[in-house]
Amino acid sequence: MFSTLYGGFLGDKYGRKFTSIILIAPYLIVSVLTIYGPTIECLLLLRFMTGLFQGPVFCLVYLIAVESVNKHVSLTAYIAQFFYAVGEVMAGFMGYIFHHSWKLQVILFSLVLLCFFLLTLFLLPESPRWLYCEERRDEAIKILRWFAKLNHKNEEFINFGDAPVSEDLHFLLLEAK
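Residues numbered from 1 in each chain as written. Predicted model: local features only at pLDDT ≥ 70, side-chain atom pairs only at ≥ 80, totals over all residues. Heavy atoms only, no water.

Glancing now at the nonpolar core. Tyr-6, Ile-21, Leu-23, Ile-24, Tyr-27, Leu-28, Val-30, Leu-46, Phe-53, Val-57, Leu-113 and Phe-117 form the largest nonpolar core, which has 12 residues in total. Of all the elements in the fold, those that place two or more residues in this core are helix H2 (16-33), helix H3 (40-67) and helix H5 (102-122). Take this core: its biggest share by element is 6 residues, from H2. Those residues in contact with Phe-117, other than ones at most four positions away along the chain, are Ile-21, Ile-24 and Ala-25. (Core = buried A, V, L, I, M, F, W, Y, C linked by side-chain atoms within 4.5 Å. Buried < 20%, exposed > 50% of the residue type's maximum accessible area, 1.4 Å probe, protein only. Helix = DSSP H or I, 4+ residues; strand = E, 2+ residues; numbered from the N terminus. Contact = heavy atoms within 4.5 Å.)

Here is the structure:
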């Protein structure tokens, strides 16, 4: 719970994507280091540190998802939760299949986390709402144009300032202020 508070603060101050990337790296490192914990005390400390990094990472990525849509916030939230639940079920199956070696389980989960890190680093854009609130409108427009292109939508409606703004964009950005 504490980790989500500091993660939210950092995400609001430095951006959702940047904070996620900065926290995923130590999360991955500490996760792998748990394999080499020589004592139970060391293992408990490393698992505690894993929890400090895990909470804000998933909350921030979730925030990017729901802040990047307009009318379908609820649907986006449900889809994100669905994939989280699928991951939990897969973790249970991996635990069952590889029950003989918890270290192998940690390695496999770390590989999944590495894939998540690379996807976040190279594919996930910053939250357009956060960029807009930080007065970084050009970057927000660039991301919104990319979204429009991916969804085969007209991108001419993207505008800021005194110009008329479509209902969708108004909901997405102006309500974020």
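Moving on, we get to the environment of Thr-4. One can find Thr-4 in helix H1 (residues 2-14). With a relative accessible area of 35%, Thr-4 lands in the partly exposed category. Taking the C-alpha atoms as reference points, Thr-4 and Leu-60, separated by 56 residues in sequence, lie 8.8 Å from one another. In this view, Thr-4 contacts Gly-55, Pro-56 and Cys-59; residues no more than four positions away in its chain are not counted.

Moving on to the side chain of Ser-110. As for its position among the elements, Ser-110 is in helix H5. Accessibility expressed as a relative area gives 8% for Ser-110, which makes it buried. The residues touching Ser-110, leaving out its near neighbours within four places in the chain, are Leu-28, Ser-31 and Val-32.

When the terminal C-alpha atoms of H3 are compared, their 41 Å separation across 28 residues agrees well with the 40 Å that a helix rising 1.5 Å per residue should span. If you check which residues of H3 are buried, you get Leu-46, Thr-50, Phe-53, Gly-55, Pro-56, Val-57, Leu-60, Val-61, Ile-64, Val-66 and Glu-67. (Expected span 1.5 Å × (residues − 1).)

So, about the confidence of the model for the protein. Per-chain confidence: the protein averages 82 in pLDDT, with 86% of residues scoring 70 or above. Looking across the protein, the model is least confident in helix H8 (residues 167-173), with a mean pLDDT of 49, and most confident in H2, with 91. Confidence drops under a pLDDT of 50 for residues 160-168, and excluding neighbours within four residues, the segment shows 12 contacts in the predicted structure. (pLDDT = per-residue confidence, 0-100.)

This next bit is on H2. The end-to-end C-alpha distance of H2, which contains 18 residues, comes to 26 Å, matching closely the 26 Å that a straight helix rising 1.5 Å per residue would cover. Those residues of H2 hidden inside the fold are in contact with H1, H3, H5 and helix H6 (128-133).

What follows covers a nonpolar patch on the surface. A cluster of nonpolar side chains, contributed by Ile-107, Leu-111, Leu-114, Leu-118, Leu-119, Phe-122 and Leu-123, occupies part of the molecular surface with about 670 Å² of accessible area. As for its position among the elements, Phe-122 is in helix H5. (Patch = residues over 30% accessible without salt bridge, like charges linked within 9 Å, V, L, I, M, F, W, Y side chains within 5 Å. Areas by Shrake-Rupley, 256 points an atom, 1.4 Å probe, with all protein chains shown as cover. Salt bridge = Lys/Arg side-chain N within 4 Å of Asp/Glu carboxyl O.)

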